[in-house]
Each structure stands twice: as C-alpha cells, then as structure tokens.
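So the chains spell out like this:
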Amino acid sequence: TMLVNRTVRNRQFRKRVLDVYGCRCALTGMKLINGGGRAETQAAHIMSVEAGGPDVVNNGIALSGTVHWMFDRGLISLSDGGDIL
C-alpha cells in the first residue's frame with residue numbers, strides 16, 4: 001500500500017467563495033444551477049494550496065468549469081488589479 005501525503009482542505013471554502021460571488025463566474029458572469037439546485041460554479045484558489053496559498057476566501061475566486069480549467073493551466077490569469085490577462 002502506498003501512502004500519499006495530501007493537504008487537507010477547508011470544506012467551507014467552496015460555500016464561502018460561491019456566497020461572495022453569488023454563484024456567478026467572476027470572469028463570465030454566468031450562473032449555472034443544475035437540475036438538483038446545486039451551482040455548477042467552482043471555487044478556485046488564486047494561489048494554489050500546493051504552492052502555499054491559504055485555503056481562505058480572500059484566496060478564492062468563483063469560476064465556471066471551463067474557465068477554472070483554463071486558469072489552472074495558465075491559459076488565462078489575473079493581474080494584481082483584477083484585469084484578465
């Protein structure tokens with residue numbers, strides 16, 4: 001058996017980030033709610049937890065799935081002033 005050392009994440013992070021953004025993607029403004037009433041918007045870490053980013057709302061941003069995927073791969077990013085790069 002192989003043991004994996006994994007950072008424990010705050011379970012409230014998603015809920016709090018989505019509350020701040022009203023369940024809307026910060027970049028597209030889209031708000032998608034699935035048939036079960038759950039928001040499809042994701043809570044992304046601006047600075048990843050793996051890179052030492054804190055698991056707090058100020059380090060979070062609400063993004064749609066596709067935008068989150070692009071953000072995590074560096075295809076889009078944000079300036080310190082919040083402009084899309």
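Preceding this paragraph is the structure being described.
These numbers were taken from a predicted model, which means no experiment stands behind them. (Residues numbered from 1 in each chain as written. Predicted model: local features only at pLDDT ≥ 70, side-chain atom pairs only at ≥ 80, totals over all residues. Heavy atoms only, no water.)

Okay, the overall build of the protein next. Helix and strand counts for the protein come out as two helices and two strands. Listed by position from the N terminus, the elements making up the protein come as α-β-β-α. For the protein, the residues scored as buried account for 27% of the 85 residues in total. When contacts within the protein are restricted to residue pairs at least 6 apart in sequence, those whose partners lie at least 24 apart make up 47%. Roughly 6100 Å² of accessible area belongs to the protein as shown, and the carbon and sulfur atoms make up 52% of that amount. (Helix = DSSP H or I, 4+ residues; strand = E, 2+ residues; numbered from the N terminus. Buried < 20%, exposed > 50% of the residue type's maximum accessible area, 1.4 Å probe, protein only. Contact = heavy atoms within 4.5 Å. Areas by Shrake-Rupley, 256 points an atom, 1.4 Å probe, with all protein chains shown as cover.)

Our next topic: the pattern of salt bridges. Enumeration according to the criterion identifies one salt bridge in this entry. A salt bridge links Lys15 to Asp19, with the shortest nitrogen-to-oxygen separation between them at 3.0 Å. On the criterion of helical spacing, the pair formed by Lys15 and Asp19 is a turn pair, its members being four residues apart in helix α1 (residues 12-20). (Salt bridge = Lys/Arg side-chain N within 4 Å of Asp/Glu carboxyl O.)

We now examine the side chain of His45. Relative to the elements of secondary structure, His45 occurs in strand β1 (residues 42-45). A polar side-chain atom of His45 sits 2.5 Å from a polar atom in the side chain of Asp55. (Polar contact = N/O pair within 3.5 Å; in protein donor to acceptor, adjacent residues only side chain to side chain.)

Tracing the backbone shows Trp69 in helix α2 (residues 65-72). A residue is classified by how much of its surface remains accessible, and Trp69, at 45% relative accessible area, is partly exposed. The spacing of Trp69 and Ala44 is 25 residues in sequence and 9.5 Å in space, taken between C-alpha atoms.

Quick look at α2 now. An α-helix turns once per 3.6 residues; consequently, residues spaced three or four apart project the same way. Of the positions making up α2, those classed as buried are Val67, His68 and Phe71. Relative to the axis of α2, the buried residues are bounded by an arc of 100 degrees and lie together on one face. Against the buried residues of α2 lie β1 and β2 (60-63). Phi for Gly74, located one or two positions after α2, is positive at around 75 degrees. (Arc of directions from axis to C-beta.)

Among all positions of α1, only Phe13, Val17 and Leu18 are buried. The buried residues of α1 occupy an angular sector of 120 degrees when the element is viewed end-on, so they sit on one face. Looking at the packing, one finds that the buried side of α1 touches β1 and β2. Note on α1: the residue one or two positions beyond its end, Gly22, has a positive phi of about 60 degrees.

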